[in-house]
Amino acid sequence: MNNPEQSHYLISNYAPPSLEIVRGKGSYLWDSSGNKFLDFTSGIAVSNIGHGHEHWINSINEQVTELVHCSNLFSIPQQVRLAKRLVNKIGPGKMLFCNSGAEANEALIKFARLVGNQNPSLKKYKLIVAENAFHGRTMGALSATSSPKYRDGFEPLLDGFSFAPFNDLSAFEEKIDDQTVGVMVESIQGEGGIRVADDKFLQGLEHICREKGILLMLDEVQAGIGRTGEFLGYQKSGVKPDAIAMAKGLGGGFPIGGVWLSDQWADIFQPGSHGTTFGGSPLACCAGNAVLDVLEQDNLILAAREKGEFLEAELYKLKNQYPSIIKEVRGRGLMLALVMSAPPSELIAQFRQNGMLVVGAAENVVRFLPPLTVSKEELSEAMEKTSISLKSFYQESEK
Ligand code: PLP
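All of the points below concern the structure found in this document. For every chain, the first residue of the written sequence is number 1, and numbering continues from 1 onward in sequence order. For this predicted model, a pLDDT threshold of at least 70 governs which residues receive local features, and a threshold of 80 or more governs which side-chain atom pairs are given and counted, while totals over whole chains, interfaces and linings are taken from all residues. Each side-chain value is derived from all of the structure's non-hydrogen atoms; neither hydrogens nor water enter the calculation.

### Things to note about the nonpolar core
Part 1: Counting 80 residues, the largest nonpolar core has F40 and F368 as its most contacted members.
Part 2: With nine residues, helix α10 (residues 282–297) is the largest single contributor of residues to this core.
Part 3: As used throughout, domain bounds are those supplied by an automatic or database domain assignment. When residues of this core are assigned to domains, at least three fall in each of domain 1 (6–53 + 302–398) and domain 2 (54–297).
Part 4: Other than its neighbours up to four places away in sequence, F40 contacts L311, M356, L357, V358, R367, F368, L369, P370, V374, L379 and A382.
Part 5: Core analysis: the next-biggest nonpolar cluster, separate from the first, contains 27 residues, I109, L127, V181 and V221 among them. What makes a nonpolar core is a set of buried Ala, Val, Leu, Ile, Met, Phe, Trp, Tyr and Cys residues whose side-chain atoms join them at distances within 4.5 Å. Whether a residue is buried, partly exposed or exposed follows from its accessible area with a 1.4 Å probe, protein chains only, as a fraction of its type maximum: under 20%, in between, or over 50%, in that order. By the criteria applied, helices consist of DSSP H or I runs no shorter than four residues and strands consist of E runs no shorter than two, each listed in order from the N terminus. In this analysis, two residues are considered to be in contact whenever any of their non-hydrogen atoms come within 4.5 Å of each other.

Rendered as structure tokens:
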């Protein structure tokens, strides 16, 4: 680590970082020593339009001089515009903005409580969530996250969450009781190791939710904003959820989160029931609109699908080449992963040495999350670097 003051002044809730990153452009990042890295982390699925996109910078610059913040006491044209564009992409409903993925999920949980409390005598408040999910670090979102890795030490957590294995429809159904108000799942579990929800699982959940009169809520924080080759990951399955959380890619690096509620529920939050000082600020929504401009103008959703197919095929070739160390290739679009047979921290270090950044996830997983703007040449460069990194990792593991 280059900066000795890091551990003196920053609380160590992250492992000591190995790089100090100072600049980004397109698919590349530079550290403070001038080393260049091909960035296949995208700030953990945030920089979907790449670093320093010209249109994004120009839009932000213009907005900074016009108005950065004014609070939700006032109507904000950029916010209305972003909400309209998102509703057009998702379906009839309305938006509520916040600042992060955890906050968006927190709002989903509060939404579910409001629905449950419509008839207080029924005492409906429970949510069924998936094992291995990650919904964020705030107390509500953490309570919806099953892994002890995140929960330990923070108990007691919020009451009212039960966990069922991901993709196991009957397990979800069995957990539902008279007090259940809804289910909440990711369409692709990100931190949980790039586990894709089967279309049949999502369709089955929708069917059960409609039959039992409970809510279907989706966390699209990591899989959303074009990354999987759909605007939101669940859209491939064709289900119609009641509520969706978004964040990460939505601002292209500027913090913004959003919640979509279907028309049926869109007016459940009434003045005073929920709020935020910063959420949906003129600048944040300008960033969101600029991201959508780029997604639309450059056809990035289709690009994610096509480039993803190429990258996935290349990763399968490597799996065939190194069957003893690569167990599986998982994911969709440009949300892909190699599942390794052993902890991959040394492999991630190899990548770094070879000038490429990738990010780990649960269960020995190495995630490939390039910007959706990644070029064919950069994808080839990535595969060369991946191949070299795997070769050294394999040779080390054979010693
Ligand atoms: N939900 C999912 C699916 C995530 O992947 C994350 C973050 O990784 C979150 C929620 C939390 O988002 P944030 O870190 O912006 O609070």
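### A word on the pattern of salt bridges
Part 1: The term salt bridge refers to a pairing of a side-chain nitrogen on Lys or Arg with a carboxyl oxygen on Asp or Glu at a separation within 4 Å. Under the definition given, this model contains 14 salt bridges.
Part 2: The partner of R330 in a salt bridge is E328, with the nearest N and O atoms 3.3 Å apart.
Part 3: On the accessibility criterion, R330 (10% relative accessible area) is buried.
Part 4: Judged by relative accessible area, E328 falls into the partly exposed class, the value being 33%.
Part 5: Put simply, R81, R85, K89, D293 and E296 are held in one network by salt bridges that share partners.

### Structural notes on the site of the ligand
Part 1: For each residue, the test is whether any non-hydrogen atom lies within 4 Å of the molecule or strand; if one does, the residue is near. Neighbouring the ligand are 13 residues, the closest being G101, A102, E186, D219 and Q222.
Part 2: Between the ligand and G101 there is a distance of 2.8 Å, counted from an oxygen atom to a backbone nitrogen or oxygen.
Part 3: Whenever a nitrogen or oxygen atom comes within 3.5 Å of another N or O atom, the pair is scored as a polar contact, on the condition that within protein one atom can donate a hydrogen and the other can accept it, and that pairs from neighbouring residues in sequence are kept only if both atoms are in side chains. In this structure, an oxygen atom belonging to the ligand sits 3.3 Å away from a side-chain N or O atom of K248.
Part 4: The Shrake-Rupley method, run with a 1.4 Å probe sphere, supplies the accessible areas, and residue values consider only the shown protein chains as cover. For the ligand, whose accessible area on its own is 390 Å², the fraction buried by protein is 82%.
Part 5: The element that contributes the greatest number of residues to the shell around the ligand is helix α5 (residues 101–116), accounting for three residues.
Part 6: Partitioning the shell around the ligand into residue classes produces three nonpolar, six polar and four charged. Each residue gets one of three labels, nonpolar for Ala, Val, Leu, Ile, Met, Phe, Trp, Tyr, Cys and Pro, charged for Asp, Glu, Lys and Arg, and polar for the others, Gly among them.

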